[in-house]
Each structure stands twice: as C-alpha cells, then as structure tokens.
Amino acid sequence: MEKKKIPVALMIAAGILLYSNTVLAQSLPPTRETSQQQLSFDEALQLLHKGNQSLKIADKGIDIARAERGKLNAFWMPSLQSTGAFVHLSEKIEVKQPLSQFTDPAKDFVHTILPDDKIISSILDQIGTNTLIFPLAPRNLTTVDLTAEWVLFAGGKRIHATKIGNTMIDLARENRAQVDATQRTLLAESYYGLRLAQEVVSVRRESYQALKLHYENALKLEATGMIAARLFAQVNMDEALRELEAARKEEAVVQRTLKTLLNLETSGDITPSSPLFINDTLPPKMEFLQVVGISNYLLNQLNLQERMAKQQVRIDQSGYLPNIALFGKQTLYSHGIQSNLLPRTMVGIGFTWNLFDGLEREKRIRQSRLTQQTLALGQEKARDDLSVGVDKLYTGLQKALDNVRALNTTIELSEELVRMRKKAFAEGMATSTEVVDAETLLSKTKVARLAAYYEYDVTLMNLLALCGIPEQYSNLQNNQ
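Residues numbered from 1 in each chain as written. Predicted model: local features only at pLDDT ≥ 70, side-chain atom pairs only at ≥ 80, totals over all residues. Heavy atoms only, no water.

> Break down the overall build of the protein for me, citing the residues and quoting the values.
For the protein, the count of helices and strands is 13 helices and 8 strands. Principal-axis analysis of the C-alpha atoms gives the protein an extent of 180 × 45 × 35 Å. Roughly 28100 Å² of accessible area belongs to the protein as shown, and the carbon and sulfur atoms make up 58% of that amount. Looking at the protein, you have 55 positive and 54 negative side-chain charges, and the mean spots of the two groups are 1 Å apart. (Helix = DSSP H or I, 4+ residues; strand = E, 2+ residues; numbered from the N terminus. Areas by Shrake-Rupley, 256 points an atom, 1.4 Å probe, with all protein chains shown as cover. Lys, Arg positive; Asp, Glu negative; His and termini not counted. Charge placed at Lys NZ, Arg CZ, Asp CG, Glu CD.)

This is how it looks when you write it as structure tokens:
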C-alpha cells in the first residue's frame, strides 16, 4: 500500500517546486537595513589620496627633506653674530716705565760737559729711582661687538652638500610614491575584498534559498515515511545558513577595514560599484621585467642613496683643503678700552688649514666608500629579487586566469547538473543527497570563481606596484 502512495507524494513534491522565491525570501534571516554608499574604485582612490594618514606622513617627509636642504644651503650665506661681555680684571692694565733709562743717558751727557758736576747728577739719580706709570684700561671693562664671517672657499663642501640636499628631496618623493603604491595595494585588497564578500553573501543566500526549497520538498515527503531525506536536507540547510551568517560577518569586517583605510567616519555601508574583473590577455612578462628595472621604488631609492654616498666621499676628501673666509668686526659699545688701543672696526681675510687630524679624514673617506660600495651591491641583489618577484606575481596572474576559464565551464556544468538533479528528484529518480551535493558543488564553484577574480585583481595591483606603475591599474581595469 505504501508503494502506491509514493507517486502521489512525489506529485505533491513536484508542485512544491512551483513556489515563488518571494515566499522563501521571507523566511531568510533579516538583513541589516543601513544607508548604502555607492563607490567606484576611482572614487575610492580619490578618497584615499585625500584622507589617508600614511600619505600625509609621507608628505611631511618631503617637507622635512626640503627643510634639511635649506639648512645645508645656509652655509652659502655669511654669518652675523653679536657678542657682549663685562669683565672684571684682578689688576689694572697699565704701562710701567723706570725713569732711570732716561736719566742715565742724561747724566752721561752732563759729565761730558761738566766732568766735576755732582749737583745735576745727584738730581738725576733721585729722579731715576722713580717709575713712570701710564694707565691703559680700568679693572672693569664692557664691550658689545658685531662680528661677521663669510666663507669664500670651503674645499667644495658646500657644493656637494647642496647636491645631497637636492637628492634628499628626491629620496623623500620616491618614498612617498612607494607609500602611495602600498596604499593602492591595500585599497585593492580592501575594495575588491568587500566586493568579493558581498558577492559571496549573494551566492550563500542563493544556496540557502535553494536548500530551503529542497528542505520544504523533503518535508512533504516525510509524510510518506522518508524521514532520512528530510533530516539530510535540514542538516545541509542549517549548514548553508551558518555559511551565510559567516559570510555576512566577514563582509562587516572588510567593510570596517575599507572605511579605516579611506578615513571615513560615515555610519552607512559602502557598496563597491566597480565589479571584479579579469583581462582576457596579459602583456608579455618581459615588459614587466624591463619596467621594474627602471621604475621600481626600492631600486630608485638605493640609487639615490648611492649618489648621496658619493657626494659624502667628496665632502670627506675636501677636508684636505683649507677654508678661506672674509671676516669683519665692529664694536658697537665699549667702556674702559680706548679706541687707540683697540680699533672699533676691523676687516680681514684669513684661512684655516687642518694639516693633521690623527688620520680621521682617511677613516671617514674609507667609511663613505664602503657605504657607497654596499649600496651598489644592494642594487644588484635587489634586481635579482625583483626579477623573482615579477615572475612569481605574473605566474599568479596566469594561474588566476586559467582558474577562471576552467571554473566558467564548471559552473555551466554544475548549473545543468542541479537542474537535472532537481527534476530527477521530483520524479523520484534521484535522492536528496544527490540534490544537496549538486547545490553545494555549484555554490563552491561560484565562490571559487569569485576568489579567482579577486586573486587576479589583487595580484595585478601588486605586480604594478612592484614595477612602480600602480597608476596603470585603472587602464587595465577598464580594458578587461
């Protein structure tokens, strides 16, 4: 008797397949109702350049380099200093001159005229015992001076220092470009990560709806004694619901990450309007290898640092040459020092020449040359590492492209398999397990294809950033 009732139950189950999806949608877990902000990738890039904190720090680095160059250029200008002092001396500054040096010649002269003179000689002897004192400066002295110095020749130090200052600005700009490329990479990961998360939520929702419908079909068959079909369908439906909730939580995490990166404080959710993309063809790998050797940020920074080290060697070598400077001094105020003793105005030219400094110059030169050689070796190693990096990323792009092509065919076959399994289940020719397996396979395949798209987009940005041309990302994005 039960075997005769089965076809009737199957007919009822087939009718259930005609239920509208709106009824099933009402049974889904409620979604968050928040304001949505449509945002394309280019718009997100504009927000990144406007509010990203890392880029602001890099901009300050350029300002610091400019200030440092200004400090180095200051050596070209004359220096002007004002000095003042109050001095208390332990004794007066004076000239003491014994009068005997004047009276003794006078006595000899008198004796030549009056050999027997005693009166004049006695008077001269008394005068000669005294000392003549001429005061020059009191014990308390005060002076205020204005001193100027202008270095005319410094052995080439200032010329090389100016070149170092200009190179420091170029280095800061290169660092800023590298930070920008890094932030672009993070933006691609976050932006398309959010797009991936939302697409995965959509796939999980579709899978849940399909398994929910299958569960209701199996629920009708439970009346015929097929309890195992209903239990199996319910277990997989609950698993699909769990995966849907997990996907929504992952979407919320990526949502916050993108907002933090863009420095947005809006309460609404961001909805990426730029889809995940993939290019049908890729430029030859050799083009990327050529570009990375010219535009890579690390190589450019090492090259600039080597240039600075070369200028530092020349600065150290200039230590063998003298410094020639023009100097002047003007006394603005003086108390206690007469101008006939110390002139109020002095102008002159002088030089300083360090003849021996304990071989310190030789050691500095050797150290600077070692630094220059180390940077040159670093460039060679960086080129080798970058070639490996380009090869690895390019292979990742090809792998993602191949995966998408293969998964497109797999999805078409999976969709056809789901359709056939549902039809067979309605006709009693397939089990619940077969339907669930087909739905699960289709869901996993769609997620895998989305992941391949995401992997391609992020890897492409990493490759362009490594080559120093992240701005080309928009062109490839629009030419997929």
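> Hey, could you go over the environment of Ile-315 for me, with residue numbers and the actual values?
Residue position: Ile-315 is located in helix H10 (residues 297-317). Separated by 157 residues in sequence, Ile-315 and Arg-158 place their C-alpha atoms 8.3 Å apart. Apart from the residues within four sequence positions on either side, Ile-315 is in contact with Lys-157, His-160, Ala-161 and Ile-164. (Contact = heavy atoms within 4.5 Å.)

> Talk me through the nonpolar core; I want residue IDs and the actual numbers.
Among the nonpolar cores identified, the biggest contains 56 residues, and Phe-41, Leu-187, Tyr-192 and Tyr-473 are the most heavily contacted of them. A per-element tally of this core places helix H12 (residues 432-467) first, with 12 residues. Residues Tyr-208, Leu-211, Ala-218 and Met-237 belong to the second largest nonpolar core, which totals 8 residues. (Core = buried A, V, L, I, M, F, W, Y, C linked by side-chain atoms within 4.5 Å. Buried < 20%, exposed > 50% of the residue type's maximum accessible area, 1.4 Å probe, protein only.)

> Before we move on, could you go through empty space enclosed by the protein and cite the residues and values that matter?
Scanning all chains against the criterion turns up 2 cavities of 30 Å³ or more. Taken as a whole, the second largest cavity encloses approximately 30 Å³ of empty space. In terms of residue class, the lining of the second largest cavity is made up of 2 nonpolar, 3 polar and 1 charged. (1 Å grid on protein atoms, 1.4 Å probe; cavity = no way out; pocket = protein on both sides within 12 Å on 5 of 7 lines; lining within 4 Å. Points joined across faces, edges and corners; volume = space filled by probe spheres on them. Nonpolar A, V, L, I, M, F, W, Y, C, P; charged D, E, K, R; others polar.)

> Can you explain helix H6 (residues 119-128)? Please cite residues and give values.
Regarding H6, the residues found buried are Ser-121, Leu-124 and Gly-128. The arc that holds the buried residues of H6, viewed along the axis, is 65°, so those residues lie on one side. Opposite the buried face of H6, at more than 90 degrees from it, the exposed residues are Ile-119 and Gln-126. Buried residues belonging to H6 abut helix H5 (100-113). (Arc of directions from axis to C-beta.)

> Now, about the environment of Asn-354: what can you tell me, with residues and values included?
Following the sequence through the fold, Asn-354 ends up in the loop between strand S8 (345-352) and helix H11 (360-426). In this structure the C-alpha to C-alpha distance between Asn-354 and Asn-323, which are 31 residues apart in sequence, comes to 9.0 Å. Within the structure, Asn-354 has its side chain in polar contact with the backbone nitrogen of Phe-356 (distance 3.4 Å). (Polar contact = N/O pair within 3.5 Å; in protein donor to acceptor, adjacent residues only side chain to side chain.)

> How would you summarise the side chain of His-160 if you had to cite specific residues and measurements?
Relative to the assigned elements, His-160 resides in helix H7 (residues 157-221). In contact with His-160, not counting residues within four places along its chain, are Gln-311, Arg-314 and Ile-315.

> Go over the sheet that holds strand S2 (residues 79-88) with me, naming the residues and quoting the values.
Strand order in the open sheet made by the 4 strands is S2-S5-S7-S8, with antiparallel pairing throughout. Two strands close off the open sheet at either side, each with one partner strand: S2 and S8. Taken over all neighbouring pairs, the strand axes of this sheet differ in orientation by 25° on average, direction set aside. (Pairing = 2+ DSSP bridges. Axes fitted to C-alpha atoms, helices over the stretch in contact; angles between N-to-C directions.)

> Summarise the confidence of the model for the protein; cite the residues concerned and give the values.
Confidence in the prediction for the protein averages 85 pLDDT; 90% of positions are at 70 or higher. Scored below 50 in pLDDT, residues 1-33 makes 36 contacts in the model with residues more than four places away or belonging to other chains. (pLDDT = per-residue confidence, 0-100.)

> Tell me about the pairing of strand S5 (residues 140-153), residues and numbers included.
Of the strand pairs in this sheet, S2 and S5 are connected by 10 bridges, and their pairing is antiparallel. Residue pairing in the sheet places Ala-85 in a bridge with Thr-143 of S5. Of the strand pairs in this sheet, S5 and strand S7 (residues 323-335) are connected by 11 bridges, and their pairing is antiparallel. Pairing of Val-144 across the sheet is with Tyr-333, part of S7.

> Give me the lowdown on the pattern of salt bridges, citing residues and values where you can.
Scanning the entire structure with this criterion turns up 17 salt bridges. Between Arg-364 and Asp-316 there is a salt bridge; the shortest N-O distance is 3.9 Å. Of the two residues, Arg-364 is situated in helix H11 and Asp-316 in helix H10; the sequence distance between them amounts to 48 residues. By relative accessible area, Asp-316 is classed as buried at 6%. A salt bridge links Asp-385 to Lys-381; its shortest N-O distance comes to 2.8 Å. Of this pair, Asp-385 and Lys-381 both sit in helix H11, 4 residues apart, which is roughly one turn of that helix. Salt bridges here are not isolated pairs; linked through shared partners, they connect Asp-316, Glu-360 and Arg-364. (Salt bridge = Lys/Arg side-chain N within 4 Å of Asp/Glu carboxyl O.)

> I'd like a rundown of unusual backbone geometry, residues and numbers included.
Not every positive phi belongs to a glycine, and Asn-263 is a case in point at roughly 60°. Phi at Leu-359 takes a positive value of approximately 65°, unusual for a residue other than glycine. With respect to the helices and strands, Leu-359 occurs in the loop between S8 and H11. Taking the relative accessible area as the measure of exposure, Leu-359 reaches 46% and is therefore partly exposed.

> How would you summarise the packing of H5 against H6 if you had to cite specific residues and measurements?
Where H5 contacts H6, the two axes come as close as 8 Å, and the packing angle between them is 170°. Taken together, the axes of H5 and H6 lie roughly antiparallel to each other. For the pair H5 and H6, contact is made by Ser-100, Thr-103, Ala-106, Lys-107, Val-110 and His-111 and by Ile-120, Ser-121, Leu-124, Asp-125, Ile-127 and Gly-128, respectively. Grouping the amino acids of the contact of H5 with H6 by side-chain chemistry returns 5 nonpolar, 5 polar and 2 charged. (Parallel < 35°, antiparallel > 145°, perpendicular 65-115°, else oblique.)

> An account of the packing of helix H9 (residues 285-295) against H12 is requested, with residue identities and associated values reported.
At their nearest, the axes of H9 and H12 sit 7 Å apart, and the two run at 50° to each other. Considered as vectors, H9 and H12 are oriented oblique to each other. Where H9 abuts H12, its residues Phe-288, Val-291, Val-292 and Ser-295 lie against Leu-463, Leu-464, Leu-466 and Cys-467. Across the contact of H9 with H12, the residue classes break down as 7 nonpolar, 1 polar and no charged.

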